[in-house]
Amino acid sequence: MGSGRASRGDGAIAQVMTERVWLARYVAWGLAAAGGAEWLLGRTISRLTAAPPLEGPARTVVETLGWTGIALLSPSFVLGVALFLICLHEASTRARVVGQQRVAGVALVTYLFVYGVFTLAYSLLTILSRRPVETWLVVTFNLLSLIAIWWLAGWFSFRRSGSLAARLAVVLVALAYTGWTYYVVREAMPYLVFGSAGFGLRMRDAGELAAVLTPFALFAAIAVPGGQWRKLSRWWLPVSLAAIFAIGNVVDMLADQGFMGVFASWSLGLTLYLPWPLYATSLALFVYSILVCFSGQDGKAPFANRNVGLGLLLLLYAGYYLQLTYQHMLAILSLMLLTGIGQPLERTVADPEPDARRLDRAAGGAAEVGKAGGREAGGAVVARRR
C-alpha cells in the first residue's frame, strides 16, 4: 500500500518536472527567436535608413522592418522576465538542497530575486511616468545590475567548476560592463566617482576592449578542448561574416564614410576605435563558439553546452551599451546561463529536488512502517495476556 502511494507520488513528480522542463525550453527558444528578430530588425537592419542613397520603396521596406523590430521589444522583455523567474526558481531549488555551498547559493539567488523585483518596478516606472526618471534612480539601477554581474562572475570563478578559460571569459564580461557602468555613472553624477570626463571615456573604451577580447577566451574554453576548432565545415559562416565586416570597413575608409560605425554602435554598442582586424577576428571566434555549443557532436567540453550557446546569443542581443531595462535583463540572463545558474535547455547539473522529495517520503514511509509495527506488536502482547 505504501509502495503504491510512493510510486504514484513519483509519477506525479515526474510529470511536474517534465512540464516544467518543457516550459523552460519553450520560453528560452521563444526569447531567442523574438529577441533575435528585435535585435536584427530593430537595431541592425533599421540603421540602413542612415544611408543617404536609400530612398523610395527600399527606404519604406527598411522602415517597416525597423518598426517591426521595435514592436517585438515588449514581448521579448516579457519572455526575458519569464525565463529569469524560471531560472531563478530552479537555482533556488538547487541552492536549498546542495549542502556545501548552500549559504552562498541562497544569498546569490536572494539578491537576484530582489534585483528582479527592482527591475520590474523600475520598468513600470519608466513606462507610466510622464516625466524623465530621476538621475539617482538611473544610477542606482545601473549599480545594482553591475553588482549582480560581478556576483555571478565571482560565484562562478571561486567555485572553480569551469575551466580557466571559461572563468576568464566570464570575468572579461564583468570587466566590460564595469567600464560601461562607470561611464554612465560619471556622466549622470560626476561627483560620485573619481576621474575627469576624459577618464570616463577611457573607462568606456577599456570596457570595449574587454568585450572584444571575451570571444578569444570563449573560443579557448569551448572550441579548443576536444579539437572542435578543426571542424572546417563549421568555419564558413564565421569567416563569411568576418569577411563582410572587413570589406565594409575597407569600403568605409575608401569612401570616407562611417556606415559600419553606425551599424556597430546601434547593434552592438561598439565604437570601433580599435583596429578593425581585431573586431573581425573576435566576431569569427564568437560565432564559431556559438556553433560549437549548439552542435550535437560528442567530445565537447562541459562548458560547450546549449545553455552557454543561448547565453552567448543573449549577450549579443544585450550589446555593450546597456541603455534599456530589457538590455540589462538580457545581460544578467546571459551571465546566469554562462555560469550554470540557469539551465533551461539541458541539465548540466542534476536537479536534486526529486531525490530530496523521495528521501523525505522514504523517511516518512519508514516512520509509518515503524508505527504500524509497534501497533501490531502491542496487539500481540495484549492477545497473549488474554
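Draft legend 1. Local environment of the overall build of the chain. On a plain count of helices and strands, the chain comes out with 13 helices and zero strands. Put simply, the chain runs from its N terminus to its C terminus through helices and strands in the order α-α-α-α-α-α-α-α-α-α-α-α-α. Residues classed as buried in the chain amount to 45% of the 386 residues present. Once local pairs closer than 6 in sequence are excluded, the contacts in the chain between residues at least 24 apart make up 77%. Counting every atom, the chain has about 19,700 Å² of accessible surface; 68% of that belongs to carbon and sulfur.

Draft legend 2. Broad picture of the side chain of Thr181. As for its position among the elements, Thr181 is in helix α6 (residues 164-188). By relative accessible area, Thr181 is classed as buried at 6%. A distance of 2.7 Å separates a polar atom in the side chain of Thr181 from the backbone oxygen of Tyr177. Setting aside chain neighbours within four positions, we find Thr181 in contact with Asn142, Leu143 and Leu146.

Draft legend 3. Examining the nonpolar core more closely. Counting residues in each nonpolar core, the largest one holds 90 residues, and the members touching the most others are Leu112, Phe303, Ile332 and Met336. Excluding residues within four positions of it along the chain, Met336 makes contact with Phe84, Cys87, Leu88, Leu112, Leu152, Ile341 and Gly342.

Draft legend 4. Main features of helix α8 (residues 236-255). Compared with the 28 Å implied by 1.5 Å per residue over 20 residues, the 28 Å span of α8 between its first and last C-alpha is a close match. Residues of α8 that are buried: Pro238, Ala242, Phe245, Ala246, Gly248, Asn249 and Asp252. Angular distribution of buried residues about the axis of α8 spans 155°; they occupy a single face of the element. In α8, the exposed positions that point more than 90 degrees away from the buried face belong to Trp236, Ile244, Ile247 and Leu254. Against the buried residues of α8 lie α9 (259-267) and α10 (276-294). Positioned one or two residues after α8, Asp256 has a phi angle of 55°, which is positive.

Draft legend 5. Here's a closer look at the confidence of the model for the chain. On average, residues of the chain score 82 in pLDDT, and 82% of them reach the 70 mark or higher. Note that residues 350-386 has pLDDT below 50 and, in this model, 21 contacts with residues that lie over four places away or in other chains.

Draft legend 6. Looking closely at the pattern of salt bridges. One pass over the full model with this rule turns up two salt bridges. Between Glu38 and Arg43 there is a salt bridge, with the nearest N and O atoms lying 2.9 Å from each other. In this structure, Glu38 and Arg43 share a single accessibility class: buried. With its nearest N and O atoms 3.5 Å apart, the salt bridge here joins Arg204 to Asp205. The same class applies to Arg204 and to Asp205, which are both buried.

Draft legend 7. Molecular detail of the packing of helix α5 (residues 135-159) against helix α12 (residues 325-338). Across the interface, α5 lies against α12 with an axial gap of 9 Å and an inter-helix angle of 10°. By the angle between their directions, the pair α5 and α12 is classed as roughly parallel. Contacts between α5 and α12 involve Phe141, Asn142, Ser145, Ala148, Ile149, Leu152 and Phe156 from the former and Thr325, His328, Ile332, Leu335, Met336 and Leu338 from the latter. Residue classes in the contact of α5 with α12 are distributed as nine nonpolar, four polar and no charged.

Draft legend 8. Just the packing of aromatic side chains, in detail. Taken as a whole and judged by the stated rule, the model has 17 aromatic pairs. Between Phe118 and Tyr122 the ring centres are 6.5 Å apart and the planes differ by 15°, which places this aromatic pair in the stacked class. In this pair, Phe118 and Tyr122 are both assigned in helix α4 (residues 102-128), four residues apart and thus about one turn of the helix distant. Among the residues examined, Phe118 registers a relative accessible area of 24% and is labelled partly exposed. In this structure Tyr122 comes out as buried when scored by relative accessible area, which is 9%. Here the aromatic rings of Trp235 and Tyr288 are separated by 4.1 Å at their centres, their planes lie at 25°, and the arrangement is stacked.

Calculation rules
Residues numbered from 1 in each chain as written. Predicted model: local features only at pLDDT ≥ 70, side-chain atom pairs only at ≥ 80, totals over all residues. Heavy atoms only, no water. Helix = DSSP H or I, 4+ residues; strand = E, 2+ residues; numbered from the N terminus. Buried < 20%, exposed > 50% of the residue type's maximum accessible area, 1.4 Å probe, protein only. Contact = heavy atoms within 4.5 Å. Areas by Shrake-Rupley, 256 points an atom, 1.4 Å probe, with all protein chains shown as cover. Polar contact = N/O pair within 3.5 Å; in protein donor to acceptor, adjacent residues only side chain to side chain. Core = buried A, V, L, I, M, F, W, Y, C linked by side-chain atoms within 4.5 Å. Expected span 1.5 Å × (residues − 1). Arc of directions from axis to C-beta. pLDDT = per-residue confidence, 0-100. Salt bridge = Lys/Arg side-chain N within 4 Å of Asp/Glu carboxyl O. Axes fitted to C-alpha atoms, helices over the stretch in contact; angles between N-to-C directions. Parallel < 35°, antiparallel > 145°, perpendicular 65-115°, else oblique. Nonpolar A, V, L, I, M, F, W, Y, C, P; charged D, E, K, R; others polar. Phe/Tyr/Trp six-rings, centres within 6.5 Å; stacked < 30°, edge-to-face > 60°.

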